[in-house]
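# Residue-level structure breakdown
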Amino acid sequence: MGTSLTPEFWDRFVVLLVVAAAMTVVLAALLDTLAVRIARRRGHRPSAPPPTARLPHRPAGTDHRTVASR
């Protein structure tokens with residue numbers, strides 16, 4: 001048994017589609033604004049040096065390891 005889609009259905013469908021699209025645009029704009037505010041609030045912090053920069057410098061030819069104190 002087939003059913004036909006009535007004009008009332010299409011009217012409601014269009015209204016819901018427009019409302020959903022408008023809500024998507026508004027929420028995307030709000031979330032984007034929130035992300036920008038959070039990024040600006042954090043400020044410009046100096047970046048951490050690369051992991052190799054934290055290692056102490058050892059002259060070439062020294063293959064010994066230091067002993068940890070107890």
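Shown above is the structure to which this text applies.
As the structure is a prediction and not an experimental result, all values here were calculated from the model. (Residues numbered from 1 in each chain as written. Predicted model: local features only at pLDDT ≥ 70, side-chain atom pairs only at ≥ 80, totals over all residues. Heavy atoms only, no water.)

Below, the discussion takes up the packing of aromatic side chains. Ring pairs (aromatic) are described by centroid distance and by the angle formed between their planes. Scanning the model with the defined rule gives three aromatic pairs in all. Each ring, one from Phe 9 and one from Phe 13, has its centre 6.0 Å from the other, and the planes form 20 degrees; the classification is stacked. With Phe 9 and Phe 13 both in helix α1 (residues 7-42), this residue pair falls four residues apart, about one helical turn. Judged by relative accessible area, which is 36%, Phe 9 ranks as partly exposed. Overall, Phe 13 belongs to the partly exposed group, its relative accessible area being 39%. Measuring from ring centre to ring centre gives 5.7 Å for Trp 10 and Phe 13, while their planes differ by 90 degrees; the resulting arrangement is edge-to-face. On the criterion of helical spacing, the pair formed by Trp 10 and Phe 13 is a turn pair, its members being three residues apart in helix α1. (Phe/Tyr/Trp six-rings, centres within 6.5 Å; stacked < 30°, edge-to-face > 60°. Helix = DSSP H or I, 4+ residues; strand = E, 2+ residues; numbered from the N terminus. Buried < 20%, exposed > 50% of the residue type's maximum accessible area, 1.4 Å probe, protein only.)

Quick look at the pattern of salt bridges now. Within the structure shown, the criterion is met by one salt bridge. A salt bridge links Arg 12 to Glu 8; the shortest N-O distance between them is 2.8 Å. Of this pair, Arg 12 and Glu 8 are both found in helix α1, four residues apart, which corresponds to roughly one turn of the helix. Judged by relative accessible area, Arg 12 falls into the exposed class, the value being 55%. (Salt bridge = Lys/Arg side-chain N within 4 Å of Asp/Glu carboxyl O.)

Let us now look at α1. In an α-helix, one full turn covers 3.6 residues, which means residues spaced three or four apart are oriented alike. Here α1 contains 36 residues, and its C-alpha end-to-end distance of 53 Å stays within 8% of the 52 Å for a straight helix at 1.5 Å per residue. Downstream of α1 by a residue or two, Gly 43 has a phi angle that is positive, lying close to 75 degrees. (Expected span 1.5 Å × (residues − 1).)

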